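Structure assessment
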Amino acid sequence: MTIWGSLKLQDAMTPLMEQLIFFHDHTLMILTMITILVSYTMVNLMTNKFINRFLLEGQTVEFIWTMLPAITLIFIALPSLHLLYLIDEINKPLITLKTIGHQWYWSYEYSDFNKIEFDSYMKPTNELESFEFRLLDVDNRVVLPVNTQIRVMITAADVLHSWALPSLGVKIDATPGRLNQGSMMINQTGLFFGQCSEICGANHSFMPIVVESVPSKLFINWLKSF
């Protein structure tokens, strides 16, 4: 979860989010090098009074400063396209979680099991326990097994929503009349917090998401409790 003063992305809890962070750092390094080069050139132009007549006009120079940005874009585009394909890939899921966005709460269905469905509302402040987070905790958490390929199917009942969990690298739009899907495999046990990231109305910021990842044995015990 993000903390005050944090200037970085949340810790990655899925392989896909790890790759997204690597791509973020890779792109920032390229941008840093471009910024340093351009800044150095501008400072030299403003402070240097000498003129090189061969730099005022020349096919070779124009070819170089046209090709360098094109090559730079290739170094950014190739890993970006690779990641886009990975995000859309569904790798033989073992569990399917169906998510339905409402104004202003979430409904969840475990499609592989009979009659396991529930609504998830944000907990009012006066009902919070001492260890729970204000405006982030819910009355019914999504429980998922760790190290398991999970497919998430998302839709909405009324208006546009977006099911987003930054630490899991998941952000999928919930559109009425349309079924979107994504996948994730959680690496570690723990609690992961998110929120609706689409402006869906007055209470848009009050429909949080809480995913609890547990070992497979505890997940089976949780299923038996329904």
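Reading the values: rules and limits
The residue numbers shown here count from 1 along each chain, following its written sequence. With pLDDT at 70 or above as the cut-off, local features in this predicted model cover only qualifying residues; side-chain atom pairs require 80 or more to be listed or tallied, and sums for whole chains, interfaces and linings still use all residues. To obtain the side-chain values, all non-hydrogen atoms of the structure were used and water was disregarded. We call a residue buried when its accessible area falls under 20% of the maximum for its residue type, exposed when it is over 50%, and partly exposed in between, using a 1.4 Å probe and counting protein chains only. Numbering of helices and strands starts at the N terminus; helices are DSSP runs of H or I of at least 4 residues and strands are runs of E of at least 2. When we speak of the arc, we mean the arc of directions from the helix axis to the C-beta atoms. For this analysis, residues touch if any pair of their heavy atoms sits within 4.5 Å. UniProt positions are given in the numbering used here, feature names are shortened, and annotations may be inferred rather than shown by experiment. For the purposes of this description, domain bounds are those given by an automatic or database domain assignment. We define buried area as the total accessible area lost by two parts upon association, computed with a 1.4 Å probe and summed across both. Each reported salt bridge corresponds to a side-chain nitrogen of Lys or Arg within 4 Å of a carboxyl oxygen of Asp or Glu. Residues adjacent in sequence count toward polar contacts only when both atoms are side-chain atoms; beyond that, a polar contact is any pair of N or O atoms within 3.5 Å, and within protein one must be able to donate a hydrogen and the other to accept it. Put simply, Ala, Val, Leu, Ile, Met, Phe, Trp, Tyr, Cys and Pro go in the nonpolar bin, Asp, Glu, Lys and Arg in the charged bin, and everything else, Gly too, in the polar bin. Only protein atoms enter the 1 Å grid used here, on which a cavity is any set of points holding a 1.4 Å probe that cannot leave and a pocket is any open set flanked by protein within 12 Å on both sides along at least five of seven lines; residues with an atom within 4 Å of a point are listed as lining. Grid points are joined across faces, edges and corners, and a volume is the space filled by probe spheres set on the points. Strand pairing follows a simple DSSP-based rule, namely that at least 2 bridges must link the two strands. Axis definition: a line fit to C-alpha positions, over the contact stretch in the case of helices; interaxial angles, taken between N-to-C directions, run 0 to 180 degrees. Excluding any residue in a salt bridge, patches collect residues exceeding 30% relative accessible area, merging like charges within 9 Å and nonpolar Val, Leu, Ile, Met, Phe, Trp and Tyr side chains within 5 Å. The Shrake-Rupley method, run with a 1.4 Å probe sphere, supplies the accessible areas, and residue values consider only the shown protein chains as cover.

Here we come to helix α4 (residues 216–224). Taken together, the buried positions of α4 are occupied by Phe219, Trp222 and Leu223. Buried residues of α4, seen end-on, are gathered within an arc of 100° and therefore sit on one face of the element. Among the exposed residues of α4, those oriented more than 90 degrees off its buried face are Lys217 and Lys224. Among the structural elements, β1 (95–102), β2 (105–110), β3 (117–120), β4 (142–145) and β10 (208–214) are those in contact with the buried residues of α4.

With that settled, consider the UniProt feature "domain: Cytochrome oxidase subunit II copper A binding" (unreviewed entry) in the protein chain. In the numbering adopted here, UniProt assigns the feature "domain: Cytochrome oxidase subunit II copper A binding" (unreviewed entry) to residues 92–225. A helix fraction of 7% and a strand fraction of 43% characterise residues 92–225, whose end C-alpha atoms lie 27 Å from each other.

Here the domain parsing of the protein chain yields domain 1 (15–48 + 59–88) and domain 2 (95–225). Distance from the C-alpha centre of domain 1 to the C-alpha centre of domain 2: 36 Å. In this assembly, 5 residues from domain 1 lie in contact with 6 residues from domain 2. Roughly 420 Å² of surface becomes buried between domain 1 and domain 2 when both sides are summed, with 51% attributable to carbon and sulfur atoms. Per-residue buried area on domain 1 facing domain 2 is highest for Pro15, Leu16 and Met17; these three make up 74% of the total on that side. At the boundary of domain 1 and domain 2, one finds 0 salt bridges. The interface formed by domain 1 and domain 2 holds 1 residue pair in polar contact (both at pLDDT 80 or more) in total. Classifying every residue of the side of domain 1 that touches domain 2 by side-chain character gives 4 nonpolar, no polar and 1 charged.

The next thing to look at is the layout of surface pockets. Here the largest pocket defines a volume of roughly 900 Å³. Its residues placed into classes, the lining of the largest pocket shows 17 nonpolar, 5 polar and no charged.

Let's shift gears to the sheet that holds strand β5 (residues 150–156). The strand order β3-β2-β1-β5-β8 describes an open sheet built from 5 strands, whose pairing is mixed. Edge strands, defined here as strands with exactly one partner in the open sheet, are β3 and β8 (180–184). On average, adjacent strands in this sheet sit at an angle of 25° to one another, irrespective of strand direction. Relative to β8, β5 runs antiparallel, the two sharing 5 bridges. By the bridge assignment, Val152 is partnered in β8 with Gly182.

Among the surface-exposed residues, Leu28, Leu31, Ile34, Val38, Met42, Val43 and Met46 lie close enough to one another that they form a single nonpolar patch of about 640 Å² accessible area. What makes Met46 exposed here is its relative accessible area of 67%.

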